[in-house]
Amino acid sequence: MNSTDKPILEVRDLKVEFDTYGGTVQAVRGVHFALAKGKTLAIVGESGCGKSVTVQSLMGLIPSPPGRITSGSVRLNGREILGLSPKEANQVRGKQIGMIFQDPMTSLNPTMTLGRQITETIRVHDGVSDAEARKRAIELLEQVQIPEARTRVDQYPFQFSGGMRQRVMIAMSIACNPEILIADEPTTALDVTIQAQILDLLKTIQRDRRMSMILITHDLGVVARMADDVAVMYAGQIVEYGGVQQIFHRSAHPYTVGLRSAMPQNDEAQSKMLKPIEGSPPDLFDPPKGCAYFDRCPHAMKVCAARNPPLWDVQEDHLSRCWIHHKFATSSTEVFRSNRMGQEWEIQK
């Protein structure tokens, strides 16, 4: 986030755990980020890195038990929203923060018409009559480009395609004009043409309503198209944070570089072979005491196994959780770019 932008949402040191038969999973391990008014923050990372758990925590949707938020602060317009009573949390969900869930088929109630599901949110938060709520539901369906909205408002989810169901989820999420829209993998399981339509629709709605947006995805193409700022997550932590241009053109963490290298390229000479990230993420039942990316990192040093790095300031508003940016990592930029990190060194006390 640009330093001149005033944040509408601030998250500090968020930690979330889940108790299981196998032990305690440390799903989110001290996440920090901020969201500016009218901007889009993309949280990107591979499956299981903690993206969805992070945003569900903001909404108060972590089931307890087995989950619990062990520490942290979430401020919406300066107001702390962690630890709200169920009644207070219901006033935030839908009204101030809307959410598009990952799978529209399982998120929509198959036994209720779409109109009833949309009007329920409007009546609860705005206290309008059934007739007024129905009118607004039809207008919302028209806004998200559902054809024949007056007829289709009385239909059931199974009568809609995947792309149409996703549009309905968008209509539900913006029904009460929230200040923040959270979109959790909004293009999952959609074909490429429909993905583009959904993303264009989200951008239009965001611009028209001046909403802020948190976009959860593992697709760097979506990030490049939609985001202003990017938080790269790995093993429950943010490992790189910055503007979208910084993340793509001046990547400062080996994991971000690995994600970019695994993307298909337009360059024909490079498009025939993808470069996967070898190995697997660490076990979050017992996270490593050092850098979580150590076992998979081609630039790993001795210190990486022993101590978890902080988020270093790489440039203005650009942070990276990697020891390569420490002052004792001499010529770190040159070594990092040339992919020749092999020396061992230890941080002096």
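As shown above, the structure is provided for reference.
As a convention, each chain's residues are numbered from 1 in the sequence order in which they are written. Only residues with pLDDT of at least 70 are given local features in this predicted model, and only at 80 or more are side-chain atom pairs given and counted; all residues enter the totals for whole chains, interfaces and linings. With hydrogens and water stripped out, all remaining heavy atoms of the structure feed into the side-chain values.

*Asks:* Hey, could you go over helix H5 (residues 130-143) for me, with residue numbers and the actual values?
*Replies:* For H5, built from 14 residues, the straight-helix expectation of 20 Å at 1.5 Å per residue is met to within 8% by its first-to-last C-alpha distance of 20 Å. In this structure, the buried residues of H5 make contact with helix H4 (114-126), helix H6 (149-152), helix H7 (162-173) and helix H8 (192-209). Where helices and strands are cited, they refer to DSSP runs of H or I of at least four residues and of E of at least two residues respectively, numbered from the N terminus. One or two residues past the end of H5 sits Gln145, with phi positive at roughly 65°. To estimate how far a helix should extend, the number of its residues minus one is multiplied by 1.5 Å. Contacts: residue pairs with any heavy atoms within 4.5 Å of one another.

*Asks:* Quick rundown of the nonpolar core? Include the residues and the values.
*Replies:* Buried Ala, Val, Leu, Ile, Met, Phe, Trp, Tyr and Cys residues form a nonpolar core when they are joined through side-chain atoms within 4.5 Å. Each residue is assigned to one of three classes by its accessible area relative to the maximum for its type, calculated with a 1.4 Å probe on protein chains only: buried under 20%, partly exposed between the two thresholds, exposed over 50%. Membership of the largest hydrophobic core comes to 96 residues, with the highest contact counts inside it found for Leu9, Phe33, Ile43, Ile118, Val168, Ile214 and Val223. Setting aside residues up to four positions removed in sequence, Val168 forms contacts with Leu108, Leu114, Ile118, Leu141, Ile146 and Phe160.

*Asks:* An account of the side chain of Arg29 is needed here, citing residue identities and associated values.
*Replies:* With respect to the helices, strands and loops of the structure, Arg29 is situated in strand E2 (residues 23-36). It is Asp286 that comes nearest to the buried, bridge-free Arg29 among opposite-charge side chains, at 8.8 Å. Throughout this description, a polar contact denotes any pair of N or O atoms lying within 3.5 Å of each other; where both atoms belong to protein, one of them has to be capable of donating a hydrogen while the other can accept it, and for residues adjacent in sequence the pair is counted only when both atoms sit in side chains. Among the polar contacts made by the side chain of Arg29, one reaches the side chain of Gln237 at a distance of 3.4 Å. Look past the residues within four positions of Arg29 in its chain and what remains in contact with it is Leu14, Lys15, Ala235, Gly236, Gln237, Leu284, Pro287, Pro288 and Ala292. Only four residue types enter the tally: Lys and Arg on the positive side, Asp and Glu on the negative side; His and the chain ends are excluded. One side-chain nitrogen of Lys or Arg within 4 Å of one carboxyl oxygen of Asp or Glu is enough to make a salt bridge.

*Asks:* Go over the sheet that holds strand E12 (residues 318-320), please, and point to the residues and values.
*Replies:* A pair of strands is considered paired only if DSSP assigns at least 2 bridges between the two. On the basis of which strands lie adjacent, the open sheet formed by eight strands has the order E6-E7-E8-E3-E9-E10-E12-E11 and mixed pairing. Each edge of the open sheet carries a strand with a single partner, namely strand E6 (97-100) and strand E11 (312-315). Averaged over all pairs of adjacent strands, the angle between their axes in this sheet comes to 20°, without regard to strand direction. By the bridge criterion, five bridges tie strand E3 (residues 40-44) to strand E8 (residues 212-217) in an arrangement that is parallel. Paired with Ala42 across the bridge in E8 is Leu215. Where helix H11 (residues 254-261) meets the sheet, it contacts strand E9 (229-234) and strand E10 (237-243), and its direction lies at approximately 100° from that of E9. Axis angles are defined between N-to-C directions and span 0 to 180 degrees, where every axis is a line fitted to C-alpha atoms and, for a helix, only to the segment in contact.

*Asks:* I'd like to hear about the pattern of salt bridges, residue by residue, with values.
*Replies:* Taken as a whole, this structure holds 10 salt bridges when the rule is applied. Between Arg296 and Glu46 there is a salt bridge; the shortest N-O distance is 3.1 Å. Placement of the pair is Arg296 in the loop between H11 and helix H12 (302-306) and Glu46 in the loop between E3 and helix H1 (51-58), with a sequence separation of 250 residues. Across the pair Asp154 and Arg134 runs a salt bridge whose closest N-O atoms are separated by 2.9 Å. With Asp154 in the loop between H6 and H7 and Arg134 in helix H5, this residue pair connects regions lying 20 residues apart in the sequence. Judged by relative accessible area, which is 34%, Arg134 ranks as partly exposed. Through salt bridges with shared partners, a single network forms among Glu17, Asp19 and Arg68.

*Asks:* So what's going on with unusual backbone geometry? Which residues, and what values?
*Replies:* Omega for the peptide link from Ser64 to Pro65 comes to -10°, which places this bond in the cis form. Note that the residue after Pro65, namely Pro66, is joined by a cis bond; omega there is 10°. With respect to the helices and strands, Pro66 occurs in the loop between H1 and strand E4 (67-76). In the Ramachandran plot, Asp13 falls in the positive-phi region, its phi being about 50° despite a non-glycine side chain. Positionally, Asp13 belongs in strand E1 (residues 7-20).

*Asks:* Any chance you could break down H1 for me, citing the residues and the numbers?
*Replies:* An α-helical segment advances 3.6 residues per turn. Residues three or four places apart therefore align on the same side. Extensive coverage of H1 is indicated by the burial of six of its eight residues. Those residues of H1 not exposed but buried are Lys51, Val53, Thr54, Val55, Ser57 and Leu58. Note on H1: the residue one or two positions beyond its end, Gly60, has a positive phi of about 70°.

*Asks:* Which residues make up empty space enclosed by the protein, and what are the values?
*Replies:* Here a cavity denotes grid points, spaced 1 Å and computed from the protein atoms alone, that fit a 1.4 Å probe unable to get out, and a pocket denotes an open set having protein on both sides within 12 Å along at least 5 of 7 lines; residues with an atom within 4 Å of a point are the lining. Grid points are joined across faces, edges and corners, and a volume is the space filled by probe spheres set on the points. Across all of its chains, the model carries three cavities of 30 Å³ or more by this definition. Of the voids in this model, the largest cavity is the one considered here, and its volume is about 50 Å³. If you trace the largest cavity, you find it lined by His253, Pro254, Cys291, Tyr293, Phe294, Cys297, Ala300, Cys304, Arg321, Cys322 and Trp323. Residues are grouped as follows: Ala, Val, Leu, Ile, Met, Phe, Trp, Tyr, Cys and Pro are nonpolar; Asp, Glu, Lys and Arg are charged; every other residue, Gly included, is polar. Each residue belonging to the lining of the largest cavity can be placed in one class, and the counts come to nine nonpolar, one polar and one charged.

*Asks:* How would you summarise the sheet that holds E1 if you had to cite specific residues and measurements?
*Replies:* Taken together, the four strands give an open sheet; going across it, the order is E2-E1-E4-E5, and neighbouring strands pair in antiparallel fashion. Of all strands in the sheet, those with a lone pairing partner are E2 and strand E5 (79-80), marking the two edges. The pairing of E1 with E2 spans 11 bridges and is classified as antiparallel. Looking across to E2, one finds that Glu17 is bridged to Gln26. Along the sheet face, H1 touches E1, E2 and E4 and points at about 115° away from the line of E1.

*Asks:* Can you lay out the packing of aromatic side chains for me, pointing to particular residues and giving the numbers?
*Replies:* Two rings belonging to Phe, Tyr or Trp (six-membered ring only in the last case) form a pair when the distance between their centres is within 6.5 Å. Interplanar angles under 30 degrees mark stacking, angles over 60 mark edge-to-face geometry, and anything in between is tilted. A complete count under the given rule lists five aromatic pairs for this structure. On the basis of an interplanar angle of 55° and a centroid distance of 4.7 Å, the ring pair of Tyr234 and Tyr255 is categorised as tilted. Here Tyr234, found in strand E9, pairs with Tyr255, found in helix H11; they are 21 residues apart in sequence, far enough to count as distant. Each member of the aromatic cluster is reached from another via a ring pair, and the members are Tyr234, Tyr255 and Tyr293. Here, over-ring charges are defined by two tests on the NZ atom of lysine or the CZ atom of arginine: distance to the ring centre within 6 Å, and angle to the ring normal within 35 degrees. Positioned over the ring face of Phe160 is Arg152, at 4.0 Å from the centre of the ring.

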